Amino acid sequence: MVFLQLIAVFTVLLGVLMIVINRKPKNYPKGPLLFPLLGSLPQMMWHSQVQKLPRSILRDEYRRRYGKVYSMKLGPFPVVVLTDHNIIREAWNNLQICGRPKLHGAAARTNGVVRGILFQDGEEWQEQRRFALRHLRDFGFGKRSMENLVMDEVTELIKGFRRDSKKPISTQTRFNVAVLNSLWSIVAGERYSHDDPILQEIIKSIHRSLEFRGLVFFFPWLKDWFPKLSGWEEYMKCMPLSYEFLSKFVKDRLAAYDGGEPEHFTDVFINEIRRTTDPNSSFYKERGEATLIATLLDLFVAGIETTSTSLTYTLLYLALFPEKQKKLQAEIDRVVGTRLPTFEDRKRMPYTEATIQEVLRFSSLVPTGLIHKTLTDVTLGGFNVPKNHWVMANLQGVHHDPEIWGDPENFRPERFLSENGEEVVKHEALLPFSFGKRVCLGESLARDELFLFITGIFQAFDVETDPNSPRPTTEQLNSNIIAIPKPHQLVLKERH
Ligand code: HEM
């Protein structure tokens, strides 16, 4: 009897709690039912872990049920999700919606303090972002000098592919070193051999840290109570590797660089540290040195896996849709022939550019971008959103919206071409690099790299599916930050 009474009391309390938790402030976006402590996580876990549904389907379903702007909670953190490209553009242009949540996973990368660009906001973010944009451009982004550096990597990569010609291979890990080297030449003026063991380790550790997901991000106490089970121990094993590699590089360069003509981005940064006398600046003395390491780490983490995975998707899609591959190769043969491709060629290669746009749309590599945070109370798509709310853009949903694209599930580069096929058509709803104040800092480098790598590879090879392996699909693994294709094998055959 007492037991039944206890259950009744518990049920009533739970009901009251559910009502209180689900009460929304005035004019706040609607959303799925919230549970005590866990927020919307139970539904998300149910769909992804039990029903094995891609997260994109759940996001589309929420959009249908609750509208273009909806709300949910990841553990204790309230999140507003934007699913309309006009609202995303408006929001990401507002500096008050360009904060970043202070996740302990981000601070753990850099000795417990959030620094640099990717996970920082406020004055330090603005100061560092402005500096990086200006000086990365000076040292290569979009420059002829970079063309040669990237082409060296493409040539090296092609050599490796020639050795494996006609054999089934997994292309998924093949691009990382080449992409890393292109970036490393700009920031450090050096390149590594493609089979250098240190680089292989660093790449693996970045890959593992990006794969890392779990409740520990939303419930920090799990890391202390269940370090192994929560995955925290594993995360902390892979993080220090890149950090220590970069710390050593910065320490050595600080000792070796005499302040003469800067050779690369790191030298310019060191000059800025030496010049800075304002103790509030993020370039000041030891804080400046720690920020340099964090910024280099940001470029590594944000720049390598993204570009490499986009190349993996390109090979996969063009193997699955060989008629598109033939069109791409016809353009390469006509404009470039057998010499090395250059940036100059880009203007005369609309089909190649359209293919890159379509790969970025179709794959939607960073499906929900990076999370932003409101810094004040704001209005978003007509709704009130209080300060300190997380805001997420459903980029993948926008890129696959049938109302915008008509046939979003078809891989069709032609959608980005003018009627006569001679010009590339820009589309307002294509936002693979996000938009506004925090738009991807490496967009121009990524686009340059994609062009040179894709042109170089399809000039040299036909890329096909392997008749002896299961036919790959365009399906993606349920992802954390980056959407990864399912493991697959392809065959590259030399064309000339
Ligand atoms: C295909 C390749 C890439 C894609 C699809 C991509 C996409 C993105 C996206 C969606 C964001 C989030 C922006 C936001 O918060 O709203 C971002 C941020 C960023 N990306 Fe990229 N990215 C790529 C390559 C690169 C490269 C090559 C670099 C650097 C070398 C880079 C550096 C960054 C940095 C530093 C940020 C943070 C910007 C900030 O918080 O102000 N990315 N990127």
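Residues numbered from 1 in each chain as written. Predicted model: local features only at pLDDT ≥ 70, side-chain atom pairs only at ≥ 80, totals over all residues. Heavy atoms only, no water.

In the nomenclature of an unreviewed UniProt entry, the protein is known as Methyl farnesoate epoxidase of Orchesella dallaii. Reading the Cofactor (unreviewed entry) entry of the UniProt record for the protein gives the comment "heme". (UniProt positions renumbered as here; feature names shortened; annotations may be inferred.)

For the rest of this paragraph, the subject is the pattern of salt bridges. Counted by the stated rule, this structure contains 34 salt bridges. A salt bridge links Lys68 to Asp84, with the shortest nitrogen-to-oxygen separation between them at 3.4 Å. Taken together, the residues Lys68 in the loop between α3 (55-66) and β1 (69-74) and Asp84 in the loop between β2 (77-82) and α4 (85-92) connect sequence positions 16 residues apart. A salt bridge links Arg174 to Asp164; its shortest N-O distance comes to 2.8 Å. Pair noted here: Arg174 is in the loop between β3 (168-169) and α8 (176-188) and Asp164 is in the loop between α7 (144-163) and β3, with a separation of 10 residues, a long-range link. By relative accessible area, which is 18% here, Asp164 ends up buried. Taken together, the salt bridges that share partners define one network made up of Glu358, Arg361, Asp407, Arg412 and Arg415. (Salt bridge = Lys/Arg side-chain N within 4 Å of Asp/Glu carboxyl O. Helix = DSSP H or I, 4+ residues; strand = E, 2+ residues; numbered from the N terminus. Buried < 20%, exposed > 50% of the residue type's maximum accessible area, 1.4 Å probe, protein only.)

Turning to the site of the ligand, a few remarks are in order. Taken together, 25 residues sit near the ligand, with Arg100, Arg129, His372, Ser434 and Cys440 positioned nearest. Measuring from an oxygen atom of the ligand, one finds a side-chain N or O atom of Arg100 at 2.8 Å. In the model, an oxygen atom of the ligand is placed 2.6 Å from a nitrogen or oxygen of the Ser434 side chain. Looking at the shell around the ligand, the elements that each hand over two or more residues are α6 (122-138), α13 (285-320) and α18 (443-460). With five residues, α13 is the largest single contributor of residues to the shell around the ligand. Along the lines of polarity and charge, the residues of the shell around the ligand split into 15 nonpolar, seven polar and three charged. (Near = heavy atom within 4 Å. Polar contact = N/O pair within 3.5 Å; in protein donor to acceptor, adjacent residues only side chain to side chain. Nonpolar A, V, L, I, M, F, W, Y, C, P; charged D, E, K, R; others polar.)

Let us look at the nonpolar core. With 119 residues, the main nonpolar core has Leu82, Trp184, Phe300 and Phe458 as its most contacted residues. At 16 residues, α13 tops the list of elements feeding residues into this core. Beyond its immediate chain neighbours, meaning those up to four positions away, Leu82 contacts Lys68, Val69, Ile87, Ile88, Ala91, Trp92, Leu380, Val391, Met392, Ala393 and Asn394. Of all hydrophobic cores here, the second largest spans 22 residues; its members include Ala108, Trp232, Met239 and Met392. (Core = buried A, V, L, I, M, F, W, Y, C linked by side-chain atoms within 4.5 Å. Contact = heavy atoms within 4.5 Å.)

This paragraph deals with the sheet that holds strand β7 (residues 390-393). Read from one edge of the open sheet, four strands run β1-β2-β7-β4, paired in mixed fashion. Every other strand in the sheet has two partners, leaving β1 and β4 (372-373) as the edge strands with one partner each. (Pairing = 2+ DSSP bridges.)

Another aspect to go through is the coordination of the iron atom of the ligand. For the iron atom of the ligand, the protein contributes exactly one donor atom, Cys440 (SG), at 2.3 Å. As for its position among the elements, Cys440 is in the loop between α17 (402-405) and α18. (Donors = N, O, S within 2.8 Å, 3.2 Å for Na, K, Ca; no water.)

Bringing the packing of aromatic side chains into the picture now. Under the counting rule described, the total for this entry stands at 24 aromatic pairs. Judged by centre distance (4.5 Å) and plane angle (10°), the ring pair of Phe77 and Trp390 falls under stacked. Placement of the pair is Phe77 in strand β2 and Trp390 in strand β7, with a sequence separation of 313 residues. Plain terms: the ring middles of Phe245 and Phe300 are 6.5 Å apart, the flat faces sit at 45° to each other, and that makes the pair tilted. Of this pair, Phe245 sits in helix α11 (residues 232-256) while Phe300 sits in helix α13; the two residues are 55 residues apart in sequence, bridging distant segments of the chain. Here the aromatic cluster, defined as three or more aromatic residues joined through ring pairs, consists of Trp184, Tyr192, Phe245, Phe249 and Phe300. Residue placement shows Lys223 over the ring face of Trp232; its charged tip is 5.9 Å from the ring centre. Lying across the ring of Trp405, Arg361 places its NZ or CZ 5.4 Å from the centre. (Phe/Tyr/Trp six-rings, centres within 6.5 Å; stacked < 30°, edge-to-face > 60°. Lys NZ or Arg CZ within 6 Å of the ring centre and 35° of its normal.)

All right, on to the packing of α8 against α18 then. Remark: α8 packs on α18, axes separated minimally by 12 Å, with the N-to-C direction vectors making an angle of 130°. When the axis of α8 is compared with that of α18, the two are oblique. Crossing of α8 against α18: the hand is right-handed. For the pair α8 and α18, contact is made by Ala178, Val179, Ser182, Leu183 and Ile186 and by Leu445, Glu449 and Phe453, respectively. (Axes fitted to C-alpha atoms, helices over the stretch in contact; angles between N-to-C directions. Parallel < 35°, antiparallel > 145°, perpendicular 65-115°, else oblique. Left-handed = near helix turned anticlockwise from the far one by under 90°.)

As a further point, take the sheet that holds strand β8 (residues 461-465). An order of β3-β9-β8 is seen for the three strands of this open sheet, with the pairing classed as antiparallel. On the outer flanks of this sheet lie β3 and β8, each paired with one strand and no other. For β8 and strand β9 (residues 490-494), the ladder comprises five bridges, and the chain directions are antiparallel. Residue pairing for β9: Thr465 is matched across the bridge by Leu490. Packed on one face of the sheet, α13 meets β8 and β9 and runs near 75° to β8. With respect to the sheet, α18 is in contact with β8 and β9, its orientation differing from that of β8 by roughly 85°.

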